[in-house]
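An overview of the molecular structure
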Amino acid sequence: RHRHKEKWATTAPRIPSTRLALHHFDSSYSLHLGELWPSVRASLLCEQKYGALVNNFSALDHVTRELELLNATDFVFEALQKAEQSQQGAPAREAVRGSQEGCVQGRTVIQAETMTRAEASPPFRASISSKIKCYTFPRGDITRFHPARPDTLGLLGYYLMDAASLLPVLALDVQQDDLVLDLCAAPGGKTLALLQTGLCCSCCVPAGHLAANDASISRTKRLLQVLHNYVPREVRETVSVTSYDGRDWQDVEGDTFHKVLVDVPCTTDRHSAMEEDNNIFHKRRTKERQMLPMLQLQLLMAGILATKPGGEVVYSTCSLSPLQNECVVERAVEIAETQFNISVRVEDLSHFRTLFQDTFSFFSGCRLGELVLPHLTANFGPMYFCKLRRV
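What counts and what doesn't
- Residues numbered from 1 in each chain as written.
- Predicted model: local features only at pLDDT ≥ 70, side-chain atom pairs only at ≥ 80, totals over all residues.
- Heavy atoms only, no water.
- Helix = DSSP H or I, 4+ residues; strand = E, 2+ residues; numbered from the N terminus.
- Buried < 20%, exposed > 50% of the residue type's maximum accessible area, 1.4 Å probe, protein only.
- Contact = heavy atoms within 4.5 Å.
- Areas by Shrake-Rupley, 256 points an atom, 1.4 Å probe, with all protein chains shown as cover.
- Polar contact = N/O pair within 3.5 Å; in protein donor to acceptor, adjacent residues only side chain to side chain.
- pLDDT = per-residue confidence, 0-100.
- Core = buried A, V, L, I, M, F, W, Y, C linked by side-chain atoms within 4.5 Å.
- Arc of directions from axis to C-beta.

1. Quick notes on the overall build of the chain
Regarding its fold elements, the chain presents 15 helices and 13 strands. Looking at the 391 residues of the chain, the share that counts as buried comes to 47%. Within the chain, residue pairs in contact and separated by at least 24 positions form 78% of the contacts whose partners lie at least 6 positions apart. Summed over all atoms, the accessible surface of the chain reaches about 19800 Å², with 54% contributed by carbon and sulfur.

Here it is as structure tokens:
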């Protein structure tokens, strides 16, 4: 009479999204990265390293002095300086090579061919904006930047971001009179970096223009807040901020822009491995995650179609996944040719590895584009970026 049924849980214990993410990464990235994966995995689970993007609209000299007192250095300036020194050293190397003509002939020819390739390589022809300044601490230094303070005009002196996130902006090589589209702009770090080039400066004739779009209205509000905190009103008012679905952009303004940045939604590997909040590996978001490569392809195609003939597109993610990186680029190039009769050429960015090897750890196995790997001594990334030119 007093017996009762044993109660069973109606649902199984929930597996944390971070654990699901790591399980997925272990099964796929261990194959893709091989022996590099254990180190990359450990780095993903450690504290991320940040860079301080200097706000050229603030009290610039004061901000740079403050950052240099912390023993931080501008990695963009250092890279450009190193490239210039290498270029200046080329004539001296040529002279030394000439004096060695009496050496063993076979070896001399091989050395000459190697040096010629090195001197002709893109590092010494690369066009990278020296107006973008980003300070980082040396390799192995885990010092953290304190939050930026407003100047007398109320503008913050620098923006803290993963320094590898600047590489897609640098690859885009924005000029002051360019018409530029940031198709997936929020939360605003790359948009702010684009503005540091002087793109919307009223003193430039003709002045360029920036359109910043993001499909999410809530994220667009964050973008507007970043612009409010860092950019003077007269410049801010020249930026077109919209919340269209980026996949439909060609219906709004096709064949319009000189440069397009397509920084697509992705699995955000570092966030997925570390944070439960808004994690795309949550079981409720399985379908959304599986559809990511299709969404990324549609956004990249929209970016290509928004570009003028001769214009350039940079595609980027913060994922290590080749399915979200090279595979998306390859498919977009194929679709542009077969369905739209548009020829798209993937540009060589290998010079970025040479220029920025002192700051970032690059993966040498990318078929297309470049990939920054998290590393315990330089814990930036992951960041994939690839540049395409519409011929």
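2. Here we look at the side chain of S58
Assignment of secondary structure puts S58 in the loop between β1 (51-54) and α3 (60-69). A distance of 2.7 Å separates a polar side-chain atom of S58 from the backbone oxygen of N55. What S58 contacts, discounting residues up to four positions off in sequence, is V63, D151, L155, L156 and G157.

3. Some points on the confidence of the model for the chain
Scored by pLDDT, the chain has a mean of 88; 86% of the residues are at 70 or more. Low pLDDT (under 50) marks residues 99-125, which in the prediction has 25 contacts with non-local residues, meaning those over four places away or in another chain.

4. What about the nonpolar core?
Counting residues in each nonpolar core, the largest one holds 51 residues, and the members touching the most others are F75, L167, F352, F356, F360 and F385. Where this core is concerned, the elements lending two or more residues are α4 (75-99), β4 (158-161), α6 (166-172), α7 (189-195), β6 (209-213), α8 (217-230), α15 (350-355) and β13 (383-390). In terms of residue count, α6 provides more of this core than any other element does, six residues in total. For F352, the contacting residues outside a window of four places in its chain are I128, L167, L170, A171, Q357, F362 and F385. In terms of nonpolar packing, the next biggest core, distinct from the first, is built from 47 residues, L181, L183, A211 and L368 among them.

5. A word on helix α2 (residues 37-44)
Turning to α2, its buried residues number three or more, namely W37, V40, S43 and L44. With its buried residues spanning 125 degrees around the axis, α2 presents them on a single face. Close packing links the buried residues of α2 with α1 (17-33), α11 (269-274) and β12 (370-373).

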